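Here is what each chain is made of, one letter per residue.
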Amino acid sequence: METIINEFKEIAANPKKQLAMYKKQGKKIIGVLPYYAPEELVFAAGMVPFGVWGSNNKNISRAKEYCATFYCTIAQLSLEMLLDGSLDDLSGIITPTICDTLRPMSQNIRVAMGDKMPVIFLAHPQNRATSYGLKFSVNQYTNVKKELEKITGKEITDADILESIKIYNASRKARREFVKLASEHCDVIKPTVRSAVLKAAFFMLKDEYTAKLEELNQKLAALPICKWHGKKIVTSGIIYDNPVLLAALEDNDIAIAADDVAYESRAFRIDAPEDIDPMMALAKQFANIDCDVLLYDAESAKNNRGEFVAKMVKDSGAKGLILFMQQFCDPEEMEYPYLKKALEAAHIPHIKIGIDQQMHDFGQAKTAIQAFAESL
Amino acid sequence: MSEEVKVPVKAAKTEVSPGVQALRDVVENVYAEAREAKKRGELVGWSSSKFPCELAEAFGLHVVYPENQAAGIAANRDGEVMCQAAEDLGYDNDICGYARISLAYAAGKRAAKKLDSATGQYVIDPNSGKPLKDDSGKIVIDTVTGKPKKDPKTMKPFTVVDDLNEIAKLPEGEEKERRTAALKSYRQMVMPQPDFVLCCNNICNCMTKWYENIARMHNIPLIMIDIPYNNTVEVENANIEYIRCQFEDAIKKLEEISGRKFDEERFEKACANANRTAKAWLKVCDFLQYKPAPMSGFDLFNHMADVVTARGKVQAADAFELLATELEEKVKTGGSTLPFPEKYRIMFEGIPCWPKLPDLFKPLKENGVNVTAVVYAPAFGFVYNGLDEMVRAYCKAPNSVCIEQGVAWREGICRDNKVDGVLVHYNRSCKPWSGYMAEMQRRFTKDLGVPCAGFDGDQADPRNFNAAQYETRVQGLVEAMEVNKKVREGGK
Ligand code: SF4
């Protein structure tokens, strides 16, 4: 088990190495920015989808030529890596535009990349579950597919996509399973490990990843369920993969029972149907995602998302919730008051910790985590 | 029918032309009619500024516009307290200032004059008011402090935030009366609460969650028209089809909300009005092409209110046409509403900082800089024919178009309106707008050969504006324009 965990850790900590490795294998790699790009199509095209969600080890410098300071560091640092050569091995990048930062960023990236690499634009529909919304998704995904085909010079067949969907569904299932096992075995799967295992998925071919993860899951399932004497919480937010933050959780005996995090469970909650037209299946997969800060809630008058998260906390047996608020992320910020309302109604304590990927001073965050752990 | 309701309008404070007055009256009436309608128990909707107003007009529904309201609240200097009130409700101060003001308002927060609870008197802000002048018009100096004395008549109470829900819960009596009387009563602060919300995210995605929050607060229906962001100048047919279907769904939902059938004829009329308004708006904007211009481009920012709140109404079209006639006359006689001689002409990029309009204007005036181009001109002047073209028009909002379209709009008006430079507002509130301005600036300089300067600010939250920085940037721009001018003149 140790070996598998270390492999995941190694991959999560060295995406650049992964990139170079795939490149060396002669594979083409496609960058995938947040959120909800149909990665299945990249895989179906025989290429490697590669998650680009900023970095904890870079400084914003070149990106300043394109964007003011009041944007999330995820977007700024993703652009930075495209500009500073870190991502030169990519054969293209997909730019979804579902938030107000990603809209202009898609333009900046297209301009900045010029002839360097194809930038594949993607606009998701918000009225996504209606028949016309599904049709629009299919249309957008078809554009993505065509662009990918231009890169490989090969047609992506329905059979390829269906095969890819199956692999992705299996991968999502394995990750959901892992999240459960991680809670049951939180003495082994500490926050740092949990984060690394889930993060590695963004830098690996999903079949390879899933095989490894299933192996880990099996080993975990064979262990007796741990008697945890520390605290269990649910995490929420866009991303919280900073080693210092994760260590702070561990130092305070905090285990993660479940998460409502874009980089983690929000990315694999919903599967694609395997028994319909594969492009429509991908559209349905997106349409079926709900209770998400980035997506329109057709039952707007209800507090569905807040209540969903509160229920998750209860169902997972967690005692509280830590919201890692990505600075300058207005979708998360807009939903905070109603998340708070739902948590309070369910008597769930929570804290909100402001973070970004350029954080150097963790003093406040650490103190807040410690105080919260003590209060639970 | 909303157009037939006649509501008396308060006399304007300053002398303005009949056209400008008509434009003011139109907006005043939109608010007044909504208040009257609410009193009669009719429904009032809140709508985002680029929701297809023609749809609600077809049902004769009363609609008001939170963005216009928030701008008004900010211009009335209550932006900061309302933003703060939203922050106290948990909305982060990174969120758009309009959204914060609107959410605080939707939650029942209101700007009010500060009361002394012991005396029941208002607490006067010693920093407010204008200097006292003697009979000869000279400023009176306080012999004790050596500073000018304040004219007590112009001094105002501090502003605080009160809560309608709290006031409603008070028992009848003096406190309730006092607190109610202390609430500010300008039109944006007495806008009726919504019975339904109309959201179109062509302006931004923030709108989506902003309106969902309002729907939750009031437990009311929301109609969502989603306009996907565009990467090309041409709008694909797939987008048109997707949006057209949403228009059809919106009509069904409006039928449910209003309990009325869709009135095709009224819809046609609203479309005709919207087209007339757009044409007249463009005509008015085009007067800025004259050198010197017969007006200040800042005037357009004020007239935007009509385009936002009333473009589907015949009165707005009439008022813009009247203004156009006046401007035509001004051009003939060589007059201008600009209160200083025009030395330089610039494009002002972005929404102005409403709470700081005088600060924005000051260095421009000092340097003879007239704003002769604003992107709102092409961005709101949509003329269309038929439903599909209407859908296309709504795809083209300032923040829903690709960089090439954005640049083309701006460079088009910069050329037509002969600007010497560009002043860019990096607006903290508006991420999609400010997000590609740096690249746009580079293109303006390259394509037009004009200098650009940027400054940091905010459309509604005065805390994000720094007057000193702004003045320095304007100064820099003026110097660069001066150099350009000399080079040009020298080359002749
Ligand atoms: S962190 Fe927030 S603002 Fe940044 S890309 Fe994600 S959703 Fe958009």
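Please refer to the structure higher up on the page.
Keep in mind the model is a prediction, meaning the values are calculated, not measured.

Comments concerning the overall build of chain B
Secondary structure assignment for chain B yields 19 helices and 10 strands. Taking 23 Å as the expected radius of gyration for a compact globule of 492 residues, we find that chain B reaches 23 Å, a close match to that expectation. Along the first, second and third principal axes, the C-alpha atoms of chain B reach 75 × 75 × 45 Å. Residues classed as buried in chain B amount to 58% of the 492 residues present. Roughly 20,300 Å² of accessible area belongs to chain B as shown, and the carbon and sulfur atoms make up 52% of that amount. The positive charge centre, built from 67 side chains, and the negative charge centre, built from 71, are 4 Å apart in chain B.

Some remarks on the pattern of salt bridges
It is possible for side chains of opposite charge to pair when their charged atoms get near one another. Residues and elements named next belong to chain B. Counting across every chain of the model gives 59 salt bridges over all chains. Two residues, E166 and R179, come together in a salt bridge whose shortest N-O distance is 3.0 Å. Of this pair, E166 sits in helix α6 (residues 164-169) while R179 sits in helix α7 (residues 174-182), and the two are 13 residues apart along the sequence. Assessed through its relative accessible area of 45%, E166 is described here as partly exposed.

Some words on unusual backbone geometry
A cis amide bond links A:P34 with the next residue in sequence, A:Y35, at an omega value of 0°. Relative to the assigned elements, A:Y35 resides in the loop between β1 (29-32) and α3 (39-44). Going from B:K291 to B:P292, the amide bond is cis rather than trans, its omega being -5°. Structurally, B:P292 can be placed in the loop between α10 (264-286) and α11 (298-310). Of note, the phi angle at A:D253 is positive, near 55°, even though the residue is not glycine. Looking at the secondary structure, you find A:D253 in the loop between α10 (243-251) and β6 (254-261).

Observations regarding the interface of chain B and chain A
Contacts between the two partners involve 57 residues from chain B and, on the opposite side, 48 residues from chain A. When chain B packs against chain A, the two sides together hide about 4,400 Å² of surface, and 56% of this comes from carbon and sulfur. Remark: the boundary between chain B and chain A carries 5 salt bridges. A salt bridge links A:D330 to B:K431, with the nearest nitrogen and oxygen atoms 3.6 Å apart. Across the contact surface, chain B and chain A share 27 residue pairs in polar contact (both at pLDDT 80 or more).

What counts as what
Residues numbered from 1 in each chain as written. Chains lettered and ligands numbered in written order. Predicted model: local features only at pLDDT ≥ 70, side-chain atom pairs only at ≥ 80, totals over all residues. Heavy atoms only, no water. Helix = DSSP H or I, 4+ residues; strand = E, 2+ residues; numbered from the N terminus. Rg over C-alpha atoms; globule rule 2.2 N^0.38 Å. Buried < 20%, exposed > 50% of the residue type's maximum accessible area, 1.4 Å probe, protein only. Areas by Shrake-Rupley, 256 points an atom, 1.4 Å probe, with all protein chains shown as cover. Lys, Arg positive; Asp, Glu negative; His and termini not counted. Charge placed at Lys NZ, Arg CZ, Asp CG, Glu CD. Salt bridge = Lys/Arg side-chain N within 4 Å of Asp/Glu carboxyl O. Contact = heavy atoms within 4.5 Å. Buried area = accessible area lost by both parts, 1.4 Å probe. Polar contact = N/O pair within 3.5 Å; in protein donor to acceptor, adjacent residues only side chain to side chain.

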